[in-house]
2 protein chains.
Amino acid sequence: MPRLKPSKTIQNRLEMVRQALRQKSIPALLVAHRADYFYLTGFTGEDSAVLITGRSVTVITDGRFESAAKKEVAWSKVHFRRGDLTSELVKVIQSSPCQRLAIQADKMTVATRDALRKGLTGVRLVDAPPTISQMRERKSAGELKTMDNAIRVAESAYRAMLKTIRIGQTELELAARLEYEMKRRGSTEPAFGSIVAIDANAALPHAVPGNRRVKSGCMILFDWGATVDGYRSDLTRTVFVGSIPSKFKAIYEAVLTSQKKAIAAIRAGVRMSDVDAIAREHIADCGYGERFTHGLGHGLGLDVHESPSLSWRSDQKLVAGMVVTVEPGIYLPGVGGVRIEDDVRVMGNGCQVMSHLSKSLKSAVIDVAR
Amino acid sequence: MPRLKPSKTIQNRLEMVRQALRQKSIPALLVAHRADYFYLTGFTGEDSAVLITGRSVTVITDGRFESAAKKEVAWSKVHFRRGDLTSELVKVIQSSPCQRLAIQADKMTVATRDALRKGLTGVRLVDAPPTISQMRERKSAGELKTMDNAIRVAESAYRAMLKTIRIGQTELELAARLEYEMKRRGSTEPAFGSIVAIDANAALPHAVPGNRRVKSGCMILFDWGATVDGYRSDLTRTVFVGSIPSKFKAIYEAVLTSQKKAIAAIRAGVRMSDVDAIAREHIADCGYGERFTHGLGHGLGLDVHESPSLSWRSDQKLVAGMVVTVEPGIYLPGVGGVRIEDDVRVMGNGCQVMSHLSKSLKSAVIDVAR
């Protein structure tokens with residue numbers, strides 16, 4: 001039987017959004033960003049939108065998602081469109097017109113807004129309050145459990161993949177194996193294009209796996225994540241085949257200590273830029289300040305990069321319930337790079353590292369058969 | 001050595017865009033959509049943008065893509081940002097100010113446009129002509145060759161996966177294997193979340209692989225594609241394990257004939273909605289009109305869904321060089337579904353089916369070991 005009432009979680013989320021709308025005297029909100037409407041309703045269809053008013057929720061979708069709508073949002077009104085999304089949105093909104101309609105300016109294109117404006121009569125479009133992004137920053141117990149699952153799938157797949165590495169395999173083969181092991185464990189899709197980068201390729205923070213081959217003495221950087229029930233994990237480990245050159249031993253230790261110092265500083269109330277600075281300062285002290293070329297981390301959840309940004313650019317403070325990646329790195333162009341990344345849950349008096357793969361220098365040197 | 005001049009292809013594309021800008025007396029264009037700036041410059045970095053004026057091209061990116069910028073766009077100006085993209089865009093644009101700047105309204109968020117408006121003084125934002133989307137619709141010989149590669153990878157991976165199917169395997173295991181076989185053949189990422197759907201799940205046009213198992217007499221619908229050098233393939237086959245029930249034999253033949261009729265109608269100058277109607281009419285004649293719940297197909301290229309839309313919604317005409325999917329389907333809720341999809345290149349006097357996997361009724365009944 002389909003549910004005729006939304007779950008408690010969905011009810012609470014809708015109520016928080018409605019509260020924010022009431023405070024601004026906005027009678028209706030249009031949510032057309034998939035992760036956002038999934039968060040607010042549980043509806044998984046693509047190319048859809050949700051109209052929320054004080055009393056009703058209307059899902060606007062198409063025939064491809066008929067069964068999903070029946071299963072997931074039987075408690076809401078569902079409008080199946082035949083025309084393009086924007087013109088059907090106009091119809092649905094106009095059928096119960098409101099004087100003001102909130103839209104998400106950071107997620108809607110100029111063209112869609114212009115078309116809504118042109119199509120709607122007597123409706124003023126206003127900016128939605130940032131409530132949904134703020135709500136999504138703080139993960140509930142249920143979300144944390146799902147993220148734990150996404151992390152477990154990524155970790156277990158990584159361990160399985162490590163066992164299959166052989167001398168002579170390409171980055172692409174290892175990436176294929178890693179994604180295979182994630183998917184068969186229930187990951188619907190890689191959280192992002194998995195990075196498997198050998199030697200000079202590991203010097204590129206966003207390397208694309210190619211035809212470089214595993215050889216004795218090489219380094220391999222893995223940056224990967226799973227997607228479970230919509231939620232992402234995001235991990236990085238760097239390993240050395242057979243042995244580690246002394247220069248990279250020092251670099252590995254610099255990155256690892258930098259990461260540990262940053263994690264030790266994470267707790268509610270601390271400024272993002274201050275955590276970034278702690279990690280960055282240690283790497284600078286080790287002589288590699290110029291070679292840590294990106295921010296320390298980012299929020300993680302339904303999107304692999306979401307608010308907050310754990311970087312020098314952000315004055316925002318950490319809040320209990322946030323989940324952020326902590327991923328310092330040192331990159332030597334043309335030679336190689338080391339990055340270590342864990343997913344960390346912010347708590348009132350500290351934090352909890354949600355990922356458990358070992359990252360000691362010892363664990364980073366691996367044996368590989370021919 | 002990095003190239004100090006763009007390739008002929010890139011030069012031509014930039015010249016076409018500049019011509020369109022000159023015609024509208026627009027001195028500069030901002031391109032912030034990744035597939036578009038890749039198309040116009042060859043730059044693969046993410047979270048970046050490209051500013052094109054009559055005389056210069058400036059890539060605005062960050063440290064993660066330093067090496068990519070050196071390799072791919074050494075011929076352009078490159079600005080490495082430290083701040084967020086929008087505020088650095090303001091800086092770059094303001095440093096060589098123009099009175100009018102074109103933006104892509106269908107790809108830029110309202111928030112970004114508002115921030116540009118607020119940050120820029122003396123610059124009026126205007127809508128870019130639809131030149132880039134129109135150029136991307138018509139594939140060059142080089143693009144067709146790359147798409148051929150993306151199709152070959154998908155086909156070869158499918159054949160390899162078919163050999164590994166065993167009774168008792170789950171949809172997820174088959175999807176994992178299919179994506180594994182694509183990736184090790186050079187696909188950077190699945191063109192979209194691969195669909196492997198057994199029986200009732202095959203009735204969902206956008207099914208998500210789960211824990212349904214292969215059994216004797218079941219049907220399995222595969223909808224998958226590869227990504228090679230940025231370009232996508234997109235194929236669907238439906239197979240029956242051991243035998244095909246007579247009802248589904250008729251349905252399979254209805255879908256196959258519908259697809260063949262549509263393909264036979266494809267040539268430059270024909271209206272999208274007319275091709276859709278031909279496919280739809282045959283399925284209606286077979287008694288399943290209500291069960292073909294989506295458009296016939298879509299443009300394919302750097303994006304898996306791009307212009308044109310091969311559906312009843314579009315009055316646009318086919319043009320030589322377009323590549324479209326042709327994918328009719330019949331879905332019986334709770335029971336199963338059949339869809340057959342190929343990638344088709346539009347030509348002046350007909351079309352070329354770029355995908356070659358067999359789709360005869362005979363090939364659709366497969367043997368599977370225990």
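Residues numbered from 1 in each chain as written. Chains lettered and ligands numbered in written order. Predicted model: local features only at pLDDT ≥ 70, side-chain atom pairs only at ≥ 80, totals over all residues.

Q: Mind showing me how you'd approach the overall build of chain A here?
A: When helices and strands are tallied, chain A shows 10 helices and 19 strands. The C-alpha radius of gyration computed for chain A amounts to 23 Å, which stays within 12% of the reference 21 Å derived for 370 residues, consistent with globular compactness. By its C-alpha atoms, chain A is 70 × 40 × 35 Å across when sized along the principal axes. The buried share of chain A, taken over its 370 residues, is 47%. Within chain A, contacts between residues separated by at least 24 positions form 67% of all contacts whose residues are at least 6 apart in sequence. (Helix = DSSP H or I, 4+ residues; strand = E, 2+ residues; numbered from the N terminus. Rg over C-alpha atoms; globule rule 2.2 N^0.38 Å. Buried ≥ 20, exposed ≤ 12 C-beta atoms within 10 Å, placed from the backbone. Contact = placed C-beta atoms within 7 Å.)

Q: For this particular structure, what's the right way to read the nonpolar core?
A: A general feature of soluble globular proteins is that nonpolar side chains tend to end up buried together. If you look at the biggest cluster of nonpolar residues, it comprises 194 residues, and the most contacted ones within it are Leu29, Leu30 and Val50 of chain A together with Leu29, Leu30 and Val50 of chain B. Leaving out residues up to four positions away in the same chain, Val50 of chain A has contacts with Val31, Tyr37, Leu40, Thr41, Phe43, Val57, Thr58 and Val59 of chain A. (Core = buried A, V, L, I, M, F, W, Y, C linked by C-beta atoms within 7 Å.)

Q: Sorry, what's going on with helix H9 (residues 246-265) of chain A here?
A: Each α-helix turn comprises 3.6 residues. Residues three or four places apart therefore point the same way. Residue and element names in this part refer to chain A. Compared with the 28 Å implied by 1.5 Å per residue over 20 residues, the 29 Å span of H9 between its first and last C-alpha is a close match. Listed as buried for H9 are Phe248, Ile251, Tyr252, Ala254, Val255, Ser258, Gln259 and Ala262. Taken end-on, H9 shows its buried residues confined to a sector of 160 degrees, consistent with a single buried face. Exposed residues on H9 whose side chains face more than 90 degrees from its buried face are Ser246 and Ala264. Among the structural elements, strand E8 (219-224), strand E11 (235-241), helix H10 (272-285), strand E14 (323-326), strand E15 (329-332) and strand E16 (336-339) are those in contact with the buried residues of H9. (Expected span 1.5 Å × (residues − 1). Arc of directions from axis to C-beta.)

Q: Could you clarify how one ought to interpret the relation of the copies chain A and chain B in this entry?
A: Relating one copy of the chain to the other takes a rotation about an axis and a shift parallel to that axis. When chain A is fitted to chain B, the residual RMSD is 0.0 Å, and the transformation amounts to a turn of 180 degrees plus an axial shift of 0.0 Å. On this basis, the relationship between the two copies can be described by a two-fold rotation axis. For chain A, the minimum C-alpha distance to the rotation axis belongs to Thr109 of chain A and amounts to 2.0 Å. A share of 100% of the interface residues of chain A reappears at the interface of chain B, consistent with the copies meeting face to face through the same patch. (Least-squares fit on C-alpha atoms with pLDDT ≥ 70 in both.)

Q: I'm lost on the sheet that holds strand E19 (residues 365-366) of chain B in this one. Help?
A: Within a sheet, neighbouring strands are paired by backbone hydrogen bonds and run either parallel or antiparallel to one another. All names here are of chain B. In space, the four strands of this open sheet follow the order E7-E8-E11-E19, with mixed pairing throughout. Both edges of this open sheet fall to strand E7 (195-198) and E19, since each of them pairs with a single strand only. Sheet analysis places strand E11 (residues 235-241) next to E19, joined by two bridges and oriented parallel. Bridge assignment links Val241 to a residue of E19, and that residue is Ile366. (Pairing = 2+ DSSP bridges.)

Q: Mind showing me how you'd approach the interface of chain A and chain B here?
A: The figure often quoted for interface size is the accessible area lost as the parts come together. Contacts between the two partners involve 37 residues from chain A and, on the opposite side, 37 residues from chain B. Contributions of two or more residues to the side of chain A that touches chain B are made by helix H5 (110-119) and helix H8 (171-184) of chain A. Of the residues belonging to the side of chain A that touches chain B, the class tally is 13 nonpolar, 10 polar and 14 charged. (Nonpolar A, V, L, I, M, F, W, Y, C, P; charged D, E, K, R; others polar.)

Q: How do you make sense of the pairing of strand E3 (residues 57-61) of chain B when you look at a structure like this?
A: Consecutive side chains of a regular strand alternate in pointing toward one face of the sheet and then the other. Residue and element names in this part refer to chain B. Counting buried positions over the five residues of E3 gives five, a clear majority of the element. The alternating pattern of E3 places Val57, Val59 and Thr61 and Thr58 and Ile60 on opposite faces, both of which are buried. As paired strands, strand E2 (residues 49-53) and E3 are joined by four bridges and run antiparallel to one another. Counted as the bridge partner of Ala49 is Ile60 from E3. Between the end of E2 and the start of E3, which pair antiparallel, lie three residues. For E3 and strand E4 (residues 77-80), the ladder comprises four bridges, and the chain directions are parallel. Residue pairing across strands places Ile60 opposite His79, the latter belonging to E4. Following the chain from E3 across helix H3 (residues 66-72) to the adjacent parallel E4, one finds a crossover that is right-handed. (Right-handed = clockwise from strand over helix to strand, strands pointing away.)

Q: How should the domain arrangement of chain A be read in this particular structure?
A: Residues and elements named next belong to chain A. The domain architecture assigned to chain A consists of domain 1 (8-136) and domain 2 (138-366). Centre-to-centre, using C-alpha coordinates, domain 1 lies 35 Å away from domain 2. With seven residues of domain 1 in contact, the opposing surface of domain 2 contributes nine residues. When contributions to the side of domain 1 that touches domain 2 are tallied by element, the ones reaching two or more residues are helix H2 (34-41) and helix H6 (131-137). (Domains from an automatic or database assignment.)

Q: Help me understand the environment of Lys70 of chain A, please; the structure alone is not making it clear to me.
A: Residues and elements named next belong to chain A. As for its position among the elements, Lys70 is in helix H3 (residues 66-72). Accessibility expressed as a C-beta count within 10 Å gives 12 for Lys70, which makes it exposed. Each C-alpha atom of the pair Lys70 and Phe43 lies 9.7 Å from the other, and the pair is 27 residues apart in sequence.

Q: I keep staring at helix H8 (residues 171-184) of chain B and nothing clicks. Help me out?
A: The terminal C-alpha atoms of H8 of chain B lie 20 Å apart, and with 14 residues this matches the ideal 20 Å at 1.5 Å per residue to within 8%. Within H8 of chain B, 14 of the 14 residues are buried, which leaves the element mostly enclosed by the surrounding structure.

Q: Could you clarify how one ought to interpret the confidence of the model for chain A in this entry?
A: Fine structural detail should not be taken from predicted coordinates in areas where pLDDT scores are low. Chain-level statistics for chain A give a pLDDT mean of 95 and a share of 99% at 70 or above. Taken together, the chains of this predicted complex give a pTM of 0.90 and an interface ipTM of 0.84. (pLDDT = per-residue confidence, 0-100.)

Q: Explain the environment of Arg117 of chain A here, please?
A: Residue and element names in this part refer to chain A. If you trace the backbone, Arg117 turns up in helix H5. Accessibility expressed as a C-beta count within 10 Å gives 13 for Arg117, which makes it partly exposed. Linking Arg117 and Glu306, residues 189 residues apart in sequence, is a C-alpha distance of 28 Å.

Q: I'm lost on the sheet that holds strand E2 (residues 49-53) of chain A in this one. Help?
A: Residues and elements named next belong to chain A. Taking strand neighbours across the sheet as the criterion, the six strands line up as E4-E3-E2-E1-E5-E6 in an open arrangement whose pairing is mixed. The sheet terminates laterally at strand E4 (77-80) and strand E6 (124-127), the two strands that pair on one side only. Ignoring which end each strand starts from, the neighbouring axes of this sheet average 25 degrees apart. Pairing of strand E5 (residues 100-103) with E6, which is carried by four bridges, proceeds in the parallel orientation. Paired with Leu101 across the strands is Leu125, a residue of E6. (Axes fitted to C-alpha atoms, helices over the stretch in contact; angles between N-to-C directions.)

Q: Looking at this structure, how should I read the packing of helix H7 (residues 141-164) of chain A against H8 of chain A?
A: The description of two packed helices rests on the angle between their axes and on the distance between the axes. All names here are of chain A. It is at 8 Å that the axes of H7 and H8 come closest, and there the two elements cross at 135 degrees. By the criterion of interaxial angle, the relationship of H7 to H8 is oblique. The interaxial crossing formed by H7 with H8 has right-handed handedness. For the pair H7 and H8, the contacting residues are Val153, Ala154, Ala157, Tyr158, Ala160, Met161 and Thr164 in the first and Leu174, Arg177, Leu178, Glu181 and Met182 in the second. A class-by-class count of the residues in the contact of H7 with H8 yields nine nonpolar, one polar and two charged. (Parallel < 35°, antiparallel > 145°, perpendicular 65-115°, else oblique. Left-handed = near helix turned anticlockwise from the far one by under 90°.)

Q: I'm lost on unusual backbone geometry in this one. Help?
A: Across residues other than glycine, the phi torsion is negative in most instances, and most of the peptide bonds are trans. Cis rather than trans, the peptide bond between Ser307 of chain A and Pro308 of chain A has omega equal to 5 degrees. Along the chain, Pro308 of chain A falls in strand E13 (residues 306-310). With a phi close to 50 degrees, Asp47 of chain B is a non-glycine residue in the positive phi region. If you trace the backbone, Asp47 of chain B turns up in the loop between helix H2 (34-41) and E2. Of note, the phi angle at Asp229 of chain B is positive, near 50 degrees, even though the residue is not glycine. Along the polypeptide, Asp229 of chain B turns up in the loop between strand E9 (227-228) and strand E10 (231-232).

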